[in-house]
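Commentary on secondary and tertiary structure
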Amino acid sequence: MISEWLGIPAAFVAWAFALYVFVVAPPTRGARFLVAMLVIDGIAVISSYDNAAHVEATLGALGLGMEPWSAIHQASDWALIAVYLPFLGLTLESPLVRPLKSPLIRNGLMYAGLGIGLAMFVLPLEVREHFRVPFYVVICVVLAWGFIAAIHTWATATSEAKRERARAFTLAFGIRDVLWTFTFAMNTLYYYGILGEGFSDETGFMPEIVPFAYAAALILYVPLVAYGVLRVQLFDVDLRIKRTLKRSTIAAAFVATFFVVSELAGEILSAQLGTVLGVVITGTLIFFLDPIQRAAERLSNAAMPNTVQTPEYENYRKLQVYESALQAALEDGHISSRQRRVLDSMIQSMGIDAQIAERLEHDAMAQPTG
């Protein structure tokens, strides 16, 4: 079953993007917490359900076996709470997360969660079992709280840049929060026997759907987070994606035509004649390239209707990227000398008017953050 090993590629997706953020993103606290959360998410998923058995078999063949997989998984669970709550306080602008903006509360929650996580390595299994259901309850509350706070931040955003950032956060982390809340709730109901035996047999709900949803959440939300990060670093990333979509559609039309014609002709005539006929028919599509391009253009416009390659759009996106960088620089309420150099470099490299940049900075510093 795919759910038995899906957590393995999901973990590597998370770790690969964590490495990217670590290398490329500005070294803000928010970026550091994002890296930590991606690493922890990967550990949690790869050590869950039957994924750990596949990894253990591979490591065992290499002479690198690791026994305490259940302890590793439980430790990562509590570490997730320790990192996600401070991340919400740093990232969202909603009264619902205002207490998390206090360094005292934020650090207290972080150290408490990490402390419980480390305790999982020294406590015996029968003791650790008592932490299982309390964690399910706590993580459901945390994930639901984060999702609601993200929606509230999106709905009450005071600028276009903040609205875009909150929207990206809600869509990306919302997928993970909803799917993981579902899986932890199902585990709680199963633990107390509420679901019944029909959910636990070999083709039942628990061994297939729940592990699949748990791993799939990571595969779905990490690319969305990656897109959100790229969107505040590359002002033309939407234009690049739209161009790629258009070119891919044209290429797909040629490839699909070749395979359909060659396979059909191969069935009726012969494999050799089918291949030749496929090449000939595909070649004739060059004479119909203009309508194919128009169809690809319509498809890309339908997929990304507000993305147009005009000077006005590019200037608008440049200001969005710069405003997002400003918000990150003002994470501690002031702009450091290093952050000032980064912002000045962005103004120069993107050709932003200095007076407009100064006005954006003044507006950003004047706005409340909680």
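Definitions and limits used
- Residues numbered from 1 in each chain as written.
- Predicted model: local features only at pLDDT ≥ 70, side-chain atom pairs only at ≥ 80, totals over all residues.
- Heavy atoms only, no water.
- Helix = DSSP H or I, 4+ residues; strand = E, 2+ residues; numbered from the N terminus.
- Buried < 20%, exposed > 50% of the residue type's maximum accessible area, 1.4 Å probe, protein only.
- Contact = heavy atoms within 4.5 Å.
- Areas by Shrake-Rupley, 256 points an atom, 1.4 Å probe, with all protein chains shown as cover.
- pLDDT = per-residue confidence, 0-100.
- Phe/Tyr/Trp six-rings, centres within 6.5 Å; stacked < 30°, edge-to-face > 60°.
- Lys NZ or Arg CZ within 6 Å of the ring centre and 35° of its normal.
- Polar contact = N/O pair within 3.5 Å; in protein donor to acceptor, adjacent residues only side chain to side chain.
- Axes fitted to C-alpha atoms, helices over the stretch in contact; angles between N-to-C directions.
- Parallel < 35°, antiparallel > 145°, perpendicular 65-115°, else oblique.
- Left-handed = near helix turned anticlockwise from the far one by under 90°.
- Nonpolar A, V, L, I, M, F, W, Y, C, P; charged D, E, K, R; others polar.
- Patch = residues over 30% accessible without salt bridge, like charges linked within 9 Å, V, L, I, M, F, W, Y side chains within 5 Å.
- Salt bridge = Lys/Arg side-chain N within 4 Å of Asp/Glu carboxyl O.
- Core = buried A, V, L, I, M, F, W, Y, C linked by side-chain atoms within 4.5 Å.
- Expected span 1.5 Å × (residues − 1).

**Here's the deal with the overall build of the protein chain**
Counting its regular elements, the protein chain contains 15 helices and 0 strands. Each of the 370 residues in the protein chain was classed as buried or not, and the buried ones make up 41%. Sequence-distant contacts, at least 24 apart, represent 77% of the contacts inside the protein chain between residues at least 6 apart. Carbon and sulfur atoms form 68% of the exposed surface of the protein chain, whose accessible area is close to 19,300 Å².

**What about the confidence of the model for the protein chain?**
For the protein chain, per-residue confidence averages 74 on the pLDDT scale, and residues scoring 70 or more make up 59% of the total. Least confident of the elements in the protein chain is helix α10 (residues 237-268), whose mean pLDDT is 57; most confident is helix α7 (residues 132-155), at 90.

**Section: the packing of aromatic side chains**
Applying the stated criterion to the full structure yields 14 aromatic pairs. Ring centres of F87 and F169 lie 5.9 Å apart, and the angle between their planes is 25 degrees; on these two criteria the pair is classed as stacked. Here F169 lies in helix α8 (residues 160-191) and F87 lies in helix α4 (residues 69-91), a separation of 82 residues in the sequence. Ring pairs connect the aromatic residues Y49, W78, F135, Y136, W180, F184 and Y214, which therefore count as one cluster. For the cation-ring pair, R176 lies above Y84, with the distance from its terminal atom to the ring centre recorded as 4.4 Å. Over the ring of Y221 we find R176; its NZ or CZ atom is 5.3 Å from the centre of that ring.

**As for the side chain of N51**
Mapped onto the fold, N51 is located in helix α3 (residues 51-61). Within the structure, the side chain of N51 is placed 3.5 Å from the backbone nitrogen of L6, a separation counted as a polar contact.

**Topic: unusual backbone geometry**
The backbone phi angle of Y49 is positive, close to 50 degrees, even though this residue is not glycine. Counting through the fold element by element, Y49 comes out in the loop between α2 (29-46) and α3. Judged by its relative accessible area of 34%, Y49 falls in the partly exposed class.

**What about the packing of α4 against α7?**
Direction vectors running N to C along α4 and α7 enclose 25 degrees, while the axes themselves pass 11 Å from each other. One finds that α4 runs roughly parallel with respect to α7. For α4 against α7, the interelement crossing comes out left-handed. The residues of α7 that touch α4, namely those facing Q74, D77, W78, L80, I81, Y84, L85 and L88, are R132, F135, V138, I139, V142, L143, W145 and G146. Class assignment for the residues of the contact of α4 with α7 results in 12 nonpolar, 2 polar and 2 charged.

**A look at a nonpolar patch on the surface**
A contiguous nonpolar surface patch, about 440 Å² in accessible area, is contributed by L19, F22, V23 and V24. Topologically, L19 is positioned in helix α1 (residues 7-24). Overall, L19 belongs to the exposed group, its relative accessible area being 53%.

**Points about the nonpolar core**
Of all hydrophobic cores here, the largest spans 55 residues; its most connected members are Y84, F173, W180 and F184. Broken down by secondary-structure element, the contributors of at least two residues to this core are α1, α2, α4, α7, α8 and α9 (205-231). When residues in this core are grouped by element, the largest group, 11 residues, is from α4. Not counting residues up to four positions away in its chain, the partners in contact with W180 are D41, V45, L80, L143, Y214, A217 and L218. Residues A11, I46, V55 and W69 belong to the second largest nonpolar core, which totals 6 residues.

**Overview of α2**
Between its terminal C-alpha atoms α2 stretches 26 Å, which fits the 26 Å expected from 18 residues at 1.5 Å a residue. Where burial is concerned, most of α2 is hidden: 13 out of the 18 residues are buried.

**Describing the pattern of salt bridges**
Charged atoms that come close allow side chains of opposite charge to pair. Scanning all chains against the criterion turns up 3 salt bridges. Here R176 and D41 are joined by a salt bridge, their closest N and O atoms 2.9 Å apart. Remark: D41 occurs in helix α2 and R176 occurs in helix α8; sequence separation between them is 135 residues. Taken individually, R176 and D41 each receive the classification buried, so the pair is uniform in this respect. For E129, the salt bridge goes to R132, with nearest N and O atoms at 2.6 Å. For E129, a relative accessible area of 26% gives the class partly exposed.

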